[in-house]
Amino acid sequence: MKGLLPVPKFLAVLAAVAAVAAIFASLAFARHTKTVHAGDNFFTKGSVTIKRGSAVHWSWSGTENQHNVTSKKGDRFHSKTGTSVSFTHVFRKRGTFTIICTKHPAQMRMKVKVV
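Residues numbered from 1 in each chain as written. Predicted model: local features only at pLDDT ≥ 70, side-chain atom pairs only at ≥ 80, totals over all residues. Heavy atoms only, no water.

**Digging into the confidence of the model for the protein**
Residue-level pLDDT values for the protein average 85, and 74% of them are 70 or greater. In this model residues 26-30 is a low-confidence stretch, pLDDT under 50, and it forms two contacts with partners more than four residues away in sequence or in other chains. (pLDDT = per-residue confidence, 0-100. Contact = heavy atoms within 4.5 Å.)

This is the structure in structure tokens:
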């Protein structure tokens, strides 16, 4: 048939289009994600403000103590507990949420304000 790409060329074009779409999708996600790092017994940010439907990404690696990320009221969630953890939560409700590490609740507290 005239005008159709041979199968190998078609697959190459399809793969290129998929790669470009994945890049744009990751850029769009990154634009709507705030990152917070955790050290031993502290979060690097005391508060973040995001739009509803956006995410906060917490990560810690190689800490001496085990940590987690927990919200007990409103938009409830709880990450794994460990010394090297990465956790992302998409906030679907508006409000201000207190986030703690249940291992160190007095020292590791922060607020997420969702507008």
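**Quick look at the environment of Trp58**
By the secondary structure assignment, Trp58 is in strand β4 (residues 55-60). With a relative accessible area of 0%, Trp58 lands in the buried category. Separated by 10 residues in the primary sequence, Trp58 and Asn68 place their C-alpha atoms 9.1 Å from one another. Trp58 has contacts with Val36, Phe43, Val69, Phe77, Val85, Ser86, Phe87, His89, Phe91, Ile99, Met110 and Val112, leaving out every residue within four places of it along the chain. (Helix = DSSP H or I, 4+ residues; strand = E, 2+ residues; numbered from the N terminus. Buried < 20%, exposed > 50% of the residue type's maximum accessible area, 1.4 Å probe, protein only.)

**Here's the deal with the pairing of β4**
Most of β4 sits out of view: five of its six residues are buried. With five bridges joining them, strand β1 (residues 33-39) and β4 adopt parallel strand pairing. In the strand pairing of β4, His37 is matched with Ser59. (Pairing = 2+ DSSP bridges.)

**Section: the sheet that holds β4**
Read across the open sheet, the four strands follow the order β2-β1-β4-β7; overall the sheet is mixed. Because the sheet does not close on itself, it has two edges, and the strands there are β2 (42-43) and β7 (85-90).

**Considerations on the nonpolar core**
Grouped burial of nonpolar side chains is what soluble globular proteins tend to show. Within the largest apolar cluster, 20 residues are counted, with the highest numbers of intra-cluster contacts made by Trp58, Phe91, Ile99 and Val112. Only β1, β3 (47-50), β4, β7, β8 (95-100) and β9 (109-114) provide two or more residues apiece to this core. With near-sequence residues (within four places) excluded, Ile99 lies in contact with Phe43, Trp58, Val69, Thr70, Ser71, Phe77, Phe91, Met108, Arg109, Met110 and Val112. (Core = buried A, V, L, I, M, F, W, Y, C linked by side-chain atoms within 4.5 Å.)

**A closer look at the environment of Ser61**
When you line up the elements, Ser61 lands in the loop between β4 and β5 (70-71). Counting along the chain gives 22 residues from Ser61 to Thr83, while the straight-line C-alpha distance between them is 6.1 Å.

**Considerations on the pairing of β3**
A regular strand carries its side chains on alternate faces of the sheet. Of the two faces of β3, only one is covered, namely that formed by Val48 and Ile50; the face formed by Ser47 and Thr49 stays uncovered. Here four bridges tie β3 to β9, and the two strands are oriented parallel to one another. Note on β9: the bridge partner recorded for Ile50 is Val114.

**Re the packing of aromatic side chains**
In the structure shown here, the tally under the stated rule is five aromatic pairs. Aromatic pair Phe91 and Phe97: ring centres 5.6 Å apart, planes at 40°, arrangement tilted. In this structure, Phe91 and Phe97 share a single accessibility class: buried. (Phe/Tyr/Trp six-rings, centres within 6.5 Å; stacked < 30°, edge-to-face > 60°.)

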